[in-house]
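# A look at the structure
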Amino acid sequence: MIRRRRRWSLCAIAGLVLGCLLARAHAHAHAQAAADWSRRTAAAVATLQTWYEPSTGLYQTTGWWNSANAITTLADYAGLVHTRQFDPLFANTFSAAQRKFPGFLNNYYDDEGWWALAWIDVYDRTGKRKYLAMAGSIFANMSSGWDETCAGGIWWSKDRKYKNAIANELFLSVAAHLATRARTAKQRGEYHAWAVREWQWFAASGMINQDHLVNDGLDEKCTNNHKTTWTYNQGVIMGGLTELYRVERDPALLTEAQTIAAAVLAASVLQNGKGILREPCEPTCGADGSQFKGIFVRNLRALNEIAPRPDYREFVDANAASLWSGAQPPGARLSLMWAAPYGSANASTQSSALDALVTALEMSRD
C-alpha cells in the first residue's frame, strides 16, 4: 500500500509539472500574439497618419464623416497603449476642422453623430471637458431632428425626407455614452431618457428584420424598406445597446446586442464563405462603404468588453490576420477588402482596417 501511494504521488507530481509546462507554453504564445498585434497596429497607425492634413484637421483621400471615424480609431489606440502622443492632433482637429463646419454641424444628423462619438472618445483619452461639451452640443442639434413622423425617430438629414437606421442608431449611442459621462444627475437623466425613447422607437420600427439584421431604413409607409443590411448598421446598434446596458444593467439589452452579433457572424451575405467580413458593395464601395466593416468590429469590441465570448475573439483574430496579409507598401497600407484580392488603400480603408487591428490587440491582452 505504501508503494502504491508513492506511485500515485509521483503521477500526481508529473501531472502538475505537465500542466505547468502547458500553461507556460500557452502564456508564451499569448504574449507573442499580443506583441505581434502591437507591432502591426503601430505600423498601421503610422501609415494612417501619412494622410493627416494639419491645416484642415482632416484626412486626405477621404471624407468628412470618415475623418471622424479615423479620429475615433486613433483615440481608441491611444487609450489602449496609454500614450498622449496624439493629444496635440486631437486639439488641432478640434479647432481646424470647425472651419469647414462650425460646431461639427452640417446637413446630416448621422455625420454629426460620428463627430459626437469621436469627441466622447477623445474626452475619455484626455479628460478635457471641452470635448465632452462639444459632444453634448452636437447631440442637442441631433435631437432637433426628432418628430412624430413614423411615430418618432430622427431624420437622416435636415431635408427631412428619410428616416433610416444609422442616424437613429447613432442618436441612441451618443445619448447612452453621454448618460454614462454627464456630471450632474439631471443631465444623466435627460440623456438616459433620450436613449430609452430612441431604443423603444427603434425596436418597434421594424428595421430589425426576421434574420435579426438591421436594414437600411423605412419606406414612405414607415415600414422596413428591406434595403441593404450594411455591416455598420449592425455594429452601431450593438454599441448603443451595450452602452445603454452600462446605465440600466438590463440583461435584455445585452441579449439583443448578442443576437445581432450572432446573426452577423452567421450571415453568408456579410462574409466571404471563410468567416472574413465582406461588405455587400464589395469590390466597389465608394467613399462611404469603405468605412463600414471597421465600425462593426469596433462595436463588437465594446460588446465583448461587457460580455466576452470566444467566438468573437476567433472572428476578430481571423479577420485581422486576413486583412494584415494584404498589407501593402509604403508602410502598411490596408485596403477595402479583408481577403484577396485586396485592392487599393486610402485613409478610409486604413482606419476601418485599423479598427480590427486595435480590437485584435485589445483581445490579445485579455
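Residues numbered from 1 in each chain as written. Predicted model: local features only at pLDDT ≥ 70, side-chain atom pairs only at ≥ 80, totals over all residues. Heavy atoms only, no water.

### Here we look at the overall build of the protein chain
- When helices and strands are tallied, the protein chain shows 13 helices and two strands.
- A globule of 366 residues ought to have a C-alpha radius of gyration of about 21 Å, and the protein chain, at 22 Å, matches this closely.
- Along the first, second and third principal axes, the C-alpha atoms of the protein chain reach 85 × 45 × 45 Å.
- Expressed as a percentage of its 366 residues, the buried residues of the protein chain come to 54%. (Helix = DSSP H or I, 4+ residues; strand = E, 2+ residues; numbered from the N terminus. Rg over C-alpha atoms; globule rule 2.2 N^0.38 Å. Buried < 20%, exposed > 50% of the residue type's maximum accessible area, 1.4 Å probe, protein only.)

### Observations regarding the state of the cysteines
- As enumerated under the stated definition, the model contains two disulfides in all.
- Put simply, C150 and C222 are joined by a disulfide, and their sulfur atoms are 2.0 Å apart. An S-S torsion of about -75 degrees defines the bridge between C150 and C222 as left-handed. In this pair, C150 is assigned in the loop between helix 5 (129-143) and helix 6 (165-179) and C222 in the loop between helix 7 (185-205) and helix 8 (231-248), connecting sequence segments 72 residues apart.
- Its relative accessible area of 30% is what places C222 among the partly exposed residues.
- Between the sulfur atoms of C281 and its disulfide mate C285 the distance is 1.9 Å. As the torsion about the S-S bond is roughly 100 degrees, the C281-C285 disulfide counts as right-handed. (Disulfide = S-S within 2.5 Å.)

### Quick look at the pattern of salt bridges
- Tallied over the entire structure, the rule returns 17 salt bridges.
- A salt bridge links D36 to R39, with the nearest nitrogen and oxygen atoms 3.8 Å apart. Taken together, the residues D36 and R39, both in helix 1 (residues 2-48) and three residues apart, mark about one turn of the helix.
- A salt bridge links R298 to D355, with the shortest nitrogen-to-oxygen separation between them at 3.1 Å. Of this pair, R298 sits in helix 11 (residues 292-306) while D355 sits in helix 13 (residues 347-364); the two residues are 57 residues apart in sequence, bridging distant segments of the chain.
- Taking the relative accessible area as the measure of exposure, R298 reaches 10% and is therefore buried.
- Here D355 falls in the buried class, since its relative accessible area comes to 0%.
- Here the salt bridges share partners, and the residues they tie into one network are D124, R181, E243, R246 and E305. (Salt bridge = Lys/Arg side-chain N within 4 Å of Asp/Glu carboxyl O.)

### Side note on the packing of helix 7 against helix 8
- In contact at an axis separation of 11 Å, helix 7 and helix 8 are set at 135 degrees when each is read in the N-to-C sense. Compared by their axis directions, helix 7 and helix 8 come out oblique. With respect to the hand of their crossing, helix 7 and helix 8 are arranged in left-handed fashion. Here helix 7 contributes H192, A195, V196, W199 and F202 to the contact with helix 8, which in turn contributes I237, L241, L244, V247 and E248.
- Residue classes in the contact of helix 7 with helix 8 are distributed as eight nonpolar, one polar and one charged. (Axes fitted to C-alpha atoms, helices over the stretch in contact; angles between N-to-C directions. Parallel < 35°, antiparallel > 145°, perpendicular 65-115°, else oblique. Left-handed = near helix turned anticlockwise from the far one by under 90°. Contact = heavy atoms within 4.5 Å. Nonpolar A, V, L, I, M, F, W, Y, C, P; charged D, E, K, R; others polar.)

### What about the environment of V45?
- For V45, the position within the fold is in helix 1.
- When its relative accessible area of 4% is taken as the criterion, V45 is described as buried.
- It is 7.4 Å that separates the C-alpha atoms of V45 and L74, two residues lying 29 residues apart in sequence.
- If we skip the residues at most four places from it in the chain, V45 touches L74, Y77, F86 and L354.

### Here's the deal with the side chain of E243
- Tracing the sequence through the fold places E243 in helix 8.
- The exposure class assigned to E243 is buried, which follows from its relative accessible area of 7%.
- Among the polar contacts listed, one links the side chain of E243 to the side chain of R181, at a separation of 3.1 Å.
- Not counting chain neighbours up to four residues away, the residues in contact with E243 comprise A176, H177, T180 and R181. (Polar contact = N/O pair within 3.5 Å; in protein donor to acceptor, adjacent residues only side chain to side chain.)

### Some thoughts on helix 11
- When the terminal C-alpha atoms of helix 11 are compared, their 22 Å separation across 15 residues agrees well with the 21 Å that a helix rising 1.5 Å per residue should span.
- The buried fraction of helix 11 is high, at twelve of 15 residues.
- By the burial criterion, the buried members of helix 11 are F292, K293, G294, I295, F296, V297, R298, N299, L300, R301, L303 and N304. (Expected span 1.5 Å × (residues − 1).)

### So, the packing of helix 8 against helix 9 (residues 251-266)
- Running from N to C, helix 8 and helix 9 cross one another at 160 degrees; their axes reach a closest spacing of 8 Å. Taken together, the axes of helix 8 and helix 9 are roughly antiparallel relative to one another. The chirality of how helix 8 crosses helix 9 is left-handed. Here Q234, I237, M238, L241, T242, L244, Y245 and E248 of helix 8 come into contact with helix 9, specifically with P251, L253, L254, E256, A257, I260, A261 and V264.
- Of the residues assigned to the contact of helix 8 with helix 9, the class counts are twelve nonpolar, two polar and two charged.

### Some thoughts on the side chain of E198
- The residue E198 is located in helix 7 in this model.
- The side chain of E198 is buried and forms no salt bridge, while R197, the nearest opposite charge, is found at 8.2 Å.
- Excluding its chain neighbours within four sequence positions, the residues that come into contact with E198 are W146, G153, N168, F171 and L172. (Lys, Arg positive; Asp, Glu negative; His and termini not counted.)

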